[in-house]
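# Inside the fold
Listed below are the residues making up each chain.
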Amino acid sequence: MNALSRFFARLEGPQTLGRGPGFWIGFLIVLAGACAYPLFSDGYTVGNTVYFFTWIFMALGLSLIWGYGGALSFGQTAFFGIAGYAYGILTINFGAAYGFTFIALLFAVAIAALFAALLGYFLFFGRISGVFLGIVTLSVTLVLERFMAQTAGPEWKIGAARLNGFNGMSNMPPLTVPWPGGDIVLFPDVQLYYVVLGMLVLVYLGLRILVNSPFGNVLVAIRENPERAEMLGYDIRKYQLGTFVIGAALAGLSGVLYTSWGQYITPSSMGMTAAALPIVWVAVGGRSDLTTTLVGTITVLAVFQALTIHGSQYALVVMGIMLVLTVLLAPRGLIYALARLIARPFSKRQPGDA
Amino acid sequence: MPMLQTLGLNKRFGGLHVTNNVDLTLQAGEVHCLIGPNGAGKSTLFRLILGEHLPSSGAILFGGEDITSLKPFQRIRRGMSVKFQVPGIFKALSVRQNLEIAMQHHYPPAVLGEEIDKLLAFLNLTADSTRLAGNLSHGQKQWLEIGMAVSLKPRLLLLDEPTAGMSPEETHATGEMVKRLNAQGMTVLAVEHDMAFVRQVAQQVTVLHLGKVFAQGSIDEIVANEDVAAIYLGQTTAHETAHEPAGGPHA
Ligand SMILES: Nc1ncnc2c1ncn2[C@@H]1O[C@H](COP(=O)(O)OP(=O)(O)O)[C@@H](O)[C@H]1O
Ligand SMILES: [Mg+2]
């Protein structure tokens, strides 16, 4: 087996549910359905679906850090916000010509990742773990929220970009693809849908390969028993830091896509409610698997949206109840439990086999 | 040059002097057993050697190099590995994956699967390779962790109570394995209560008592030592119910 086929063989493995032709045929059918969906819908609804999709990157990143690595970060929204604001500041100052919005996307994600690298260095090399990791990361996102909330005055601007306090920053250009016959502006519509769907497929498959690689093996080993992992010669702090940075970059990607989608970002995107929601999505779906995280996030977001019609406070209460039920009835996640139930008749293999 | 040397090693937990001026020397190629009543400080000495605890004072030399301030993973990479007293396996992962995590950087990917199969067969775990490690019997867990430690191909293998919970046959088989590894050049330091095992494998025995080196010598010298018998007798009255499922020493 050469290196390349070994690389793609890692699309399946002990760290991911779903293997064999049955799963991949199902995957292709769902993907084909997702590709065809805009043909049967209107631009507004498709744009709304993109809004759902933008959150999934953050959820997948949290699944990696928490579900696979065992470190509960309560502050993924910090990276979401940093990247969102960075995208706004860059594009408001430099415009959207020559495909600059995509360069701004990369820069904004890189800034979030760099911030995570600094924060993560102190956390993991300082051996902060468990509930303290959650407390520190939550504090960081709340501090950022407070800070951005007091930037209403005209003195708070970077170049042409007013930070604008609690009212938020707006009117940054959406993602724009340079094109010979005139740039294609990706307003929340069908074109943006395909771009984000493509990113989603790439990220999902890339993460599957990552978690089934030797790196992913060490990651779950750290979750199971950090002492033993270190006593096999692994510098676990580096693995934890690397994972944290990847997860933060994905949260940053969500932040950029969200900001360019609505041309708008506010400090409350880093607030308490915003910080708690990714944890609900990931826990309810099943944090220890990428697929259940993805399906769970879409499901919970859809339920949330349906409920919001009756008032957003009401929807938040239902979120809380869903979280409590998950913890009590299916600690590994509702979608996860469902997937196991469906898979049982087809397979006699034990959970976690190689 | 000795494989391992501790020089005036001390460890205090608050007022508790758990490791008291320990000088221990392991020659390369020997099997050395560490015995002593419960609470003597044997596991703590292991943790000092591994770098999980830093000593209050003293130094540790490994192959002549001062490793006193190295991190645990750096010490492992220099060629030591450990089986802990309480099996430290990855419970929610399969047996096979446990070994894969230990071995993945020690073999090229093309032969890794084969090497895992070999080790599974050697450990008598082939039929259990897809089971979750947490569902194994206690003895099998011990074997799995010994296998993980051995798979790193260390120069120095540390075994903390490797046969606890094993039947006499399993204990004997473990002893034979230690002798085979030793014949291939591996130096072994083992904490053990089972005197039949100690007699089977040990070339040198060190008795630890209240954190101090109490006696040292061949197994026959140690067994003949009346002071050693006395501290064990003292323990059976004082700590009869201590966490010691395997029962005290069979001396
Ligand atoms: N981390 C610790 N903090 C405080 N006391 C400890 C710690 N680890 C071990 N001890 C104490 O040190 C003594 C020796 O323990 P240990 O090394 O486990 O003994 P042994 O392995 O010989 O049975 C015991 O009294 C134990 O309670
Ligand atoms: Mg002990």
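First things first, this report covers the structure right here in the doc. Since we're looking at a predicted model, the values are computed, not measured.

Secondary structure assignment for chain B yields nine helices and 10 strands. Expected size for 251 residues packed as a compact globule is a radius of gyration near 18 Å; at 18 Å, chain B falls within 12% of this value. Taken along the three principal axes of its C-alpha coordinates, chain B extends 55 × 40 × 35 Å. Counting over 251 residues, chain B shows a buried share of 55%. Pairs at least 24 apart in sequence give 66% of the contacts found in chain B among residues at least 6 apart. For chain B, the accessible area works out to roughly 10500 Å², and carbon and sulfur atoms hold 53% of it.

Along chain A, the regular secondary structure elements total 14 helices and six strands. Relative to the globule expectation of 20 Å for 354 residues, the C-alpha radius of gyration of chain A, 20 Å, shows essentially globular dimensions. Considered along the principal axes of its C-alpha atoms, chain A spans approximately 60 × 50 × 50 Å. Classification of the 354 residues of chain A by burial places 50% in the buried group. Nonlocal contacts in chain A, meaning residues at least 24 apart in sequence, comprise 78% of its contacts between residues at least 6 apart. Here chain A has roughly 15700 Å² of accessible surface; of this, 72% comes from carbon and sulfur atoms. Within chain A, one finds 18 positive and 12 negative side-chain charges whose respective centroids are separated by 9 Å.

Turning our eyes to something else, we now look at the environment of A:A113. All names here are of chain A. Secondary-structure assignment places A113 in helix α5 (residues 100-125). Taking the relative accessible area as the measure of exposure, A113 reaches 14% and is therefore buried. Distance from A113 to A83, taken between C-alpha atoms, is 8.9 Å for residues 30 residues apart in sequence. Setting aside chain neighbours within four positions, we find A113 in contact with V245 and A249.

With that out of the way, let us pick up the pairing of strand β1 (residues 4-13) of chain B. Each regular strand carries side chains that alternate between the two faces of the sheet. Residues and elements named next belong to chain B. When β1 meets strand β4 (residues 57-62), the two strands line up antiparallel, connected through five bridges. Following the sheet pairing, N10 is matched in β4 by S57. Here β1 pairs with strand β2 (residues 16-26) via seven bridges, running antiparallel. Residue L9 lies in a different strand from β2, and its bridge partner there is V22.

Let us look at the site of ligand 1. Residues and elements named next belong to chain B. Near ligand 1 the following residues occur: F13, L16, V18, N38, G39, A40, G41, K42, S43 and T44. Residue K42 places a main-chain N or O atom 2.8 Å away from an oxygen atom belonging to ligand 1. Between T44 and ligand 1, the recorded distance is 2.5 Å, taken from a side-chain N or O atom to an oxygen atom. Protein contact buries 61% of the 560 Å² of open area that ligand 1 shows by itself. Among the elements of the structure, β2 and α1 (42-50) are those that each provide at least two residues to the shell around ligand 1. Residue composition of the shell around ligand 1, grouped by class: four nonpolar, five polar and one charged.

With that out of the way, let us pick up the interface of chain B and chain A. Note: interface size is frequently given as the accessible area lost on complex formation between the parts. Every contact between the two is made by 32 residues of chain B and, on the other side, 27 residues of chain A. Of the roughly 2500 Å² buried where chain B meets chain A, counting both sides, 59% is carbon and sulfur surface. Applying the counting rule to chain B against chain A returns two salt bridges. Salt-bridge contacts for B:R47 lead to A:E227; the nearest nitrogen and oxygen are separated by 2.7 Å. The tally of links from chain B across to chain A stands at 12 residue pairs in polar contact (both at pLDDT 80 or more). Elements supplying a minimum of two residues to the side of chain B that touches chain A: α1, α2 (72-77), β6 (80-83), α3 (95-103), α4 (109-122) and α5 (138-151) of chain B. Ranked by residues supplied to the side of chain B that touches chain A, first place goes to α3(B) with five residues. Here the residues of the side of chain B that touches chain A sort into 17 nonpolar, six polar and nine charged.

This next bit is on the coordination of the magnesium ion (ligand 2). Note on the magnesium ion (ligand 2): its protein donors are B:S43 (OG) and B:Q85 (OE1). The metal-donor distances range over 2.1 to 2.2 Å. Taken together, the positions of B:S43 in helix α1 and B:Q85 in the loop between β6 and α3 put the pair 42 residues apart, joining distant regions of the chain.

Residue and element names in this part refer to chain A. Tallying each qualifying case throughout the model produces 23 aromatic pairs over all chains. Taking the centre distance of 5.6 Å and the plane angle of 90° together, the rings of F79 and F244 count as edge-to-face. Pair noted here: F79 is in helix α4 (residues 76-94) and F244 is in helix α10 (residues 236-262), with a separation of 165 residues, a long-range link. By the burial criterion, F79 is buried, and F244 matches it.

Right, let's talk about the nonpolar core for a bit. Core analysis: the biggest nonpolar cluster contains 174 residues, and A:F57, B:L99, B:L144 and B:L158 have the highest contact counts within it. Sort the elements by how many residues they give to this core and helix α3 (residues 43-68) of chain A lands first, with 15 residues. Ignoring anything within four residues of it in the chain, the contact list for B:L99 reads B:I116, B:L119, B:L120, B:L123, B:L144, B:G147 and B:M148.

All right, on to empty space enclosed by the protein then. All names here are of chain A. The final tally for this structure, using the stated rule, is one cavity of 30 Å³ or more. By volume, the largest cavity amounts to about 40 Å³. Lining the largest cavity, in full, are I65, G69, A71, F124, L219, Q240 and T243. Tallied by class, residues from the lining of the largest cavity come to four nonpolar, three polar and no charged.

About the thresholds
Residues numbered from 1 in each chain as written. Chains lettered and ligands numbered in written order. Predicted model: local features only at pLDDT ≥ 70, side-chain atom pairs only at ≥ 80, totals over all residues. Heavy atoms only, no water. Helix = DSSP H or I, 4+ residues; strand = E, 2+ residues; numbered from the N terminus. Rg over C-alpha atoms; globule rule 2.2 N^0.38 Å. Buried < 20%, exposed > 50% of the residue type's maximum accessible area, 1.4 Å probe, protein only. Contact = heavy atoms within 4.5 Å. Areas by Shrake-Rupley, 256 points an atom, 1.4 Å probe, with all protein chains shown as cover. Lys, Arg positive; Asp, Glu negative; His and termini not counted. Charge placed at Lys NZ, Arg CZ, Asp CG, Glu CD. Pairing = 2+ DSSP bridges. Near = heavy atom within 4 Å. Polar contact = N/O pair within 3.5 Å; in protein donor to acceptor, adjacent residues only side chain to side chain. Nonpolar A, V, L, I, M, F, W, Y, C, P; charged D, E, K, R; others polar. Buried area = accessible area lost by both parts, 1.4 Å probe. Salt bridge = Lys/Arg side-chain N within 4 Å of Asp/Glu carboxyl O. Donors = N, O, S within 2.8 Å, 3.2 Å for Na, K, Ca; no water. Phe/Tyr/Trp six-rings, centres within 6.5 Å; stacked < 30°, edge-to-face > 60°. Core = buried A, V, L, I, M, F, W, Y, C linked by side-chain atoms within 4.5 Å. 1 Å grid on protein atoms, 1.4 Å probe; cavity = no way out; pocket = protein on both sides within 12 Å on 5 of 7 lines; lining within 4 Å. Points joined across faces, edges and corners; volume = space filled by probe spheres on them.

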